[in-house]
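# Structural overview for review
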Amino acid sequence: MLVPFTVPMFLVDENGEDRIFIEGELSDLSNKELRRVVAFLLECPQNFTPWGLLEFMDKVLPVAVALDLQPSLLKVQFSGLLYTYDPLLWHAYLVMYLSYMDSFEGKEMEIASRLLLLSKESQHHLFFRLLVLHWLVGFIGLVLKRDFEKRKNVVDMSLSFYPSVFDPLALKSLKLDLLAYCSVLIDDVNGVKGSLRMTREKLFEDGLVCVSGFKWLPPWSMETSVAFRAIHKFLIGQTSHSENDSISNKILLEPAIYHTVQRTLIDSV
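Worth saying up front: this structure is predicted, and the values here are computed from it rather than measured. (Residues numbered from 1 in each chain as written. Predicted model: local features only at pLDDT ≥ 70, side-chain atom pairs only at ≥ 80, totals over all residues. Heavy atoms only, no water.)

With that settled, the discussion passes to the overall build of the protein chain. Scanning the protein chain from N- to C-terminus turns up 13 helices and zero strands. Counted from the first residue to the last, the protein chain has its helices and strands arranged as α-α-α-α-α-α-α-α-α-α-α-α-α. When each of the 269 residues of the protein chain is scored for burial, the buried share is 40%. In the structure as shown, the protein chain presents an accessible area of about 15600 Å², 59% of it carried by carbon and sulfur atoms. (Helix = DSSP H or I, 4+ residues; strand = E, 2+ residues; numbered from the N terminus. Buried < 20%, exposed > 50% of the residue type's maximum accessible area, 1.4 Å probe, protein only. Areas by Shrake-Rupley, 256 points an atom, 1.4 Å probe, with all protein chains shown as cover.)

The structure is reproduced here in structure tokens:
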């Protein structure tokens, strides 16, 4: 088979001259040839199996980053992975996102929405839906770390985080974690022009509906555990975790969320 590039000699040299590669001092010729290698390999990734494509991207992405290739080459070639239902291919797509986050500017909410949609597909295996939610939590954290102004978009998405009554308990627990995370962002967002007016109490009450059975189930039931875990998450969301913070107890007792919990656990009995 004819190959439209020349393999740099330091890759096949047996005389110990790979020091050039180790030191990262590629010649212009070697750099050019390696770029042609990567471009050639990117022509037919659709022929790989999911495992093959995952291995391919694992090997090619570090080389592409080292060669400072245009992110658009990879982004265009693998953009279809955003609509896949295969866990391996989604993992490969997110790895590519981590390598070229700047080139995905403006597409963060589209990726988050797609992950959220996958978590709601009941025909998928539970492990995949749980994995997708873990990815979503980590992805949102990355987005807010890079641009905290996107917190409004995350809070607006929280209306879609509510667990279904028929979701498995493990899935309910993770979705309630997402709601608790969004509740921490609400105070920052409610003052933003054009944002949906939401309250931490509404997120808490509406989210807890999915595990409302804990009110009449025995204390040792899993649903009761999930409910109280969610209550704990909402309560500590705004409190300091520092032992030296003398006002942490005051913060816990003053907000309306505390009275909402009191009404849920005591007044409704």
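This brings us to the pattern of salt bridges. In the structure shown here, the tally under the stated rule is eleven salt bridges. A salt bridge links arginine 146 to aspartate 102, with the shortest nitrogen-to-oxygen separation between them at 2.7 Å. Of the two residues, arginine 146 sits in helix α7 (residues 126-146) while aspartate 102 sits in the loop between α5 (87-99) and α6 (108-119), which places them 44 residues apart along the sequence. A relative accessible area of 39% places arginine 146 in the partly exposed class. The salt bridge partner of aspartate 167 is lysine 175, with a shortest N-O separation of 3.0 Å. Assessed through its relative accessible area of 10%, aspartate 167 is described here as buried. When salt bridges with common partners are traced through the structure, they connect Asp102, Glu105, Arg146, Asp147 and Lys150 into a single cluster. (Salt bridge = Lys/Arg side-chain N within 4 Å of Asp/Glu carboxyl O.)

This paragraph deals with the UniProt feature "transmembrane region" (unreviewed entry) in the protein chain. According to UniProt, the feature "transmembrane region" (unreviewed entry) maps to residues 126-144 in the numbering used here. Structurally, residues 126-144 is divided into 100% helix and 0% strand, and its ends, taken at the C-alpha atoms, are 27 Å apart. (UniProt positions renumbered as here; feature names shortened; annotations may be inferred.)

Before going further, it helps to examine the packing of aromatic side chains. Counted according to the given criterion, the structure contains six aromatic pairs. Judged by centre distance (5.0 Å) and plane angle (50°), the rings of tyrosine 97 and phenylalanine 139 are tilted. Taken together, the residues span a long stretch of sequence, with tyrosine 97 in helix α5 and phenylalanine 139 in helix α7 at a distance of 42 residues. With 5.3 Å between their ring centres and 75° between their planes, phenylalanine 204 and phenylalanine 234 make a pair best called edge-to-face. In this pair, phenylalanine 204 sits in helix α10 (residues 200-208) while phenylalanine 234 sits in helix α11 (residues 222-236), placing the two residues 30 residues apart along the sequence. (Phe/Tyr/Trp six-rings, centres within 6.5 Å; stacked < 30°, edge-to-face > 60°.)

This brings us to the packing of α5 against α6. When two helices pack together, their arrangement is given by the angle between their axes and by how far apart the axes lie. Across the interface, α5 lies against α6 with an axial gap of 13 Å and an inter-helix angle of 160°. Between α5 and α6, the angle is such that the two are roughly antiparallel. By crossing handedness, the relation of α5 to α6 is classed as left-handed. Across from Trp90, Tyr93 and Tyr97 in α5, the residues of α6 making contact are Glu108, Ile111, Arg114, Leu115 and Leu118. The residue makeup of the contact of α5 with α6, split by class, is six nonpolar, no polar and two charged. (Axes fitted to C-alpha atoms, helices over the stretch in contact; angles between N-to-C directions. Parallel < 35°, antiparallel > 145°, perpendicular 65-115°, else oblique. Left-handed = near helix turned anticlockwise from the far one by under 90°. Contact = heavy atoms within 4.5 Å. Nonpolar A, V, L, I, M, F, W, Y, C, P; charged D, E, K, R; others polar.)

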